[in-house]
Amino acid sequence: MPEHPHGRLPTTTIGADVSSSLLALLRSLIRQPCHHADYLRRSLSKVLLAVQGRLDLSTLNDDPRFTHPGWQAALPQRALQLWQAWQLPLADWLDGLEVAEHERAQLRWLLVQLAAAASPSNSLLNPEVAEAARQSRGQSLCRGGHNLWSDLASGRPFAQPNLDTSHLLGRDIACSPGRVIARHAEFELICYQPLTDQVHDKPLLIVPPPINRFYLLDLTPDTSLIRYALQQGLQVYLISWRNPNPSHCNWGLARYVSASQRALNECLLHSASAQATLTGICSGGLIAALLCAWQAASDHTRQLSAFSLLVTPLDTRLQTDVMRLSGPATRQRLRQRVWRDGYLDARSSGAAFGWMRPEQLVWTPAVTRYALGQELKQSPVTTWGHDHTRLPAQLVEDLFDLLDRDPLGQPGNLQLNGEPIDLGAVTLPSWHLAARRDHIVPWQNTYPGTRLGGEKVFNLCHSGHIQGLLCPPDHPRAHFQHGNANAVSADDWLASASTVQGSWWPAWSTWLKQHSGELVDAPVHTDGGHGPAPGLYVQQQ
C-alpha cells in the first residue's frame with residue numbers, strides 16, 4: 001500500500017533556517033519597536049470589534065470549514081471573529097519587518113501553520129462537532145479518540161483515509177485499454193488501444209512527472225485525459241516511470257531525458273511514423289522541454305512536430321511557500337540526507353505538499369477522523385494523492401540546481417549529455433497550460449515568454465495544480481484564458497487574452513491534431529509481450 005505522506009514533515013531539515021528567522025524576528029523587536037507596537041494597537045482594535053460582534057467576516061464566506069449554520073450562533077461567531085482579529089493586520093506587519101526575504105517567507109509559513117492549527121473549526125466550538133457529539137451521546141468523540149490512538153500506534157500521526165480495495169489500478173482507475181510494449185530500467189512504455197476507426201498518423205508521447213504516478217491522467221473513464229485524447233483520434237503512448245530505489249541514486253535529469261529519447265524512438269518505431277508530438281506535465285514537462293532543447297543542440301533528426309507543456313515551470317525561480325521556506329541550511333541538510341539514503345522518500349515529498357495547504361490537507365481530515373469520529377472518504381483523487389514515489393538523489397540535486405540558478409534563463413548555463421541547453425533554439429510550435437490557483441507552480445512561471453522559441457499558445461485555467469488537469473468537457477464551471485504568447489511578460493499576456501467558456505481539453509486536442517498528420521486506419525496492436533496497461537512499474541512500492 002502507498003506510504004502515508006503527511007506523517008513525516010522533514011522538520012530536522014528546516015529547523016536551522018526557521019530558528020534563524022525567529023532570531024531575526026527577536027532582533028527586530030529592538031530595531032522596530034514602533035512597528036510592533038502599531039501591530040498590537042491595530043490587533044487590539046480588531047479584538048474590540050470582535051468582542052462586540054462587529055468584525056467583518058466576509059472573507060470567510062467561501063471557506064468550507066465554516067458553512068455549517070451553527071457558526072452563526074453567538075459563541076462560535078465570537079470565536080471566529082477573535083480568530084480573525086489577530087490575523088487581519090498580519091500581512092502589513094510582516095511586510096514591514098526589516099528581515100531578509102527568505103526569513104520573511106519562513107515567518108509567513110509559520111504564521112499560516114499557526115492560524116490553521118488555531119482555527120475554531122479544530123475545537124469543540126465547531127458546531128458540527130458539537131452536534132455530532134450531542135446526537136451520538138459522545139460516541140463520536142470516543143470513535144475519534146480510538147481513531148487517533150490507532151493511527152498513532154500504526155505510525156500515522158495525521159489523519160489519512162484507510163486505503164482499501166474500492167479503487168484498484170487497472171479495474172477502477174488507470175483502466176484505459178493498452179499494452180506495455182517496452183520495459184527498461186527507468187520506465188515502461190505503454191501503447192493505448194485506439195478508440196476510433198481512424199487515427200492521426202503521428203503519435204502522441206506523454207511524459208508524466210517522476211514525482212507522482214502517471215494515472216492522474218487516466219483516473220476514471222470520465223476524467224481521463226488519456227481516454228479523451230484517444231476518443232479524438234490520437235495515437236497515445238505514455239512513459240510510466242519506475243519507483244527508484246537506492247541503487248538508482250545517480251539517476252538525474254540527464255538520465256531521465258535520455259530515457260525519454262529512448263521512449264520516443266520506440267514510439268516512432270512501433271507506430272511506423274517519422275514524427276510524433278510530445279506532451280509533458282509538471283516536472284515531466286521540464287524533461288520534455290529539455291529533450292526538445294537537447295535535440296535542437298545536437299542537430300538530432302527532426303522527430304517532433306510539436307509539443308505541449310502542462311503546468312510546467314520554464315522559469316524555475318518558484319516563489320512558493322516550500323521554496324521560500326527552504327533556506328541554505330535546509331537544502332544542505334536535505335542534500336546530505338538524500339545522498340545518505342539514495343533517494344528522497346515518498347513520505348517526505350508528500351509532507352512538503354501537504355503542509356502547503358494545512359487547513360485543507362491536514363486539519364480538515366483530522367477534524368473529520370478524530371473529532372467527528374468518521375472515516376475519511378476515499379476517492380480516485382485521494383488514492384492517487386497518497387500514492388507518492390521516491391526521487392533519486394541526483395534528480396533531487398538537479399532540481400535544486402534548477403531552482404537555485406534558474407539556468408534555463410540563460411543559454412548554455414545548463415549542460416545536458418554533452419550539449420549546452422538553449423530553450424530559445426527550440427523552434428517547434430508549442431501549447432502551454434497554467435493554473436491560476438496553482439500553489440505548486442505559480443502560473444506566471446509557466447509562461448514561455450522569450451525563453452522559448454517557435455510559435456507559442458498560452459492558456460490559463462482557473463483551478464489548482466491538480467484540479468486544473470481534471471477538467472473534462474462537461475465540467476459545469478470551466479473556463480480559461482487563451483491567446484498567442486507574444487507578450488514579453490505573463491501579466492501583459494493576460495491583459496490581452498480572450499476568455500473561453502468550457503474545458504481546455506478540446507482546445508488542446510484540436511491544436512495537437514493540427515500537428516499530428518493525416519488520418520489513417522487505426523492499427524490493431526496485438527504485440528506487447530510485457531503485459532496489459534497500466535503495467536508493473538506503476539504498482540511498485
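None of the values given here were measured: they were computed from a predicted structure.

Each value, and the rule that gives it
Residues numbered from 1 in each chain as written. Predicted model: local features only at pLDDT ≥ 70, side-chain atom pairs only at ≥ 80, totals over all residues. Heavy atoms only, no water. Helix = DSSP H or I, 4+ residues; strand = E, 2+ residues; numbered from the N terminus. Rg over C-alpha atoms; globule rule 2.2 N^0.38 Å. Buried < 20%, exposed > 50% of the residue type's maximum accessible area, 1.4 Å probe, protein only. Contact = heavy atoms within 4.5 Å. Phe/Tyr/Trp six-rings, centres within 6.5 Å; stacked < 30°, edge-to-face > 60°. Expected span 1.5 Å × (residues − 1).

## Overview of the overall build of the chain
Next, step 1: If you tally the helices and strands in the chain, you get 19 helices and 16 strands.
Next, step 2: Its C-alpha atoms give the chain a radius of gyration of 25 Å, within 12% of the compact-globule value 24 Å for 541 residues.
Next, step 3: When the backbone C-alpha atoms are referred to their principal axes, the chain occupies close to 75 × 55 × 50 Å.
Next, step 4: Within the span of the chain, comprising 541 residues, buried residues form 54% of the whole.
Next, step 5: The long-range share in the chain, meaning contacts at least 24 apart out of those at least 6 apart in sequence, stands at 82%.

## Notes on the packing of aromatic side chains
Next, step 1: As enumerated under the stated definition, the model contains 15 aromatic pairs in all.
Next, step 2: When the ring of F187 is compared with that of W241, the centres are 6.3 Å apart and the planes differ by 75°; the resulting orientation is edge-to-face. Here F187 is found in strand β2 (residues 187-192), whereas its partner W241 is found in strand β5 (residues 236-241), with 54 residues between them in sequence.
Next, step 3: An angle of 90° between the planes, with centres 4.8 Å apart, marks the rings of F458 and W493 as edge-to-face. Of the two residues, F458 is situated in strand β13 (residues 456-461) and W493 in helix α18 (residues 490-496); the sequence distance between them amounts to 35 residues.
Next, step 4: On the basis of relative accessible area, F458 is assigned to the buried category, the value being 0%.
Next, step 5: The exposure class assigned to W493 is buried, which follows from its relative accessible area of 1%.
Next, step 6: Every member of this aromatic cluster is reached through a ring pair, and the members are Y228, W431, W504, W505 and W508.

## Quick look at helix α14 (residues 358-371)
Next, step 1: End to end, α14 covers just 17 Å across 14 residues, shorter than the expected 20 Å (1.5 Å per residue, more than 12% under).
Next, step 2: Those residues of α14 that fall on the buried side of the exposure criterion are P358, V362, P365, A366, V367, T368, R369, Y370 and A371.
Next, step 3: Positive phi shows up at G373, right after α14, with a value of about 70°.

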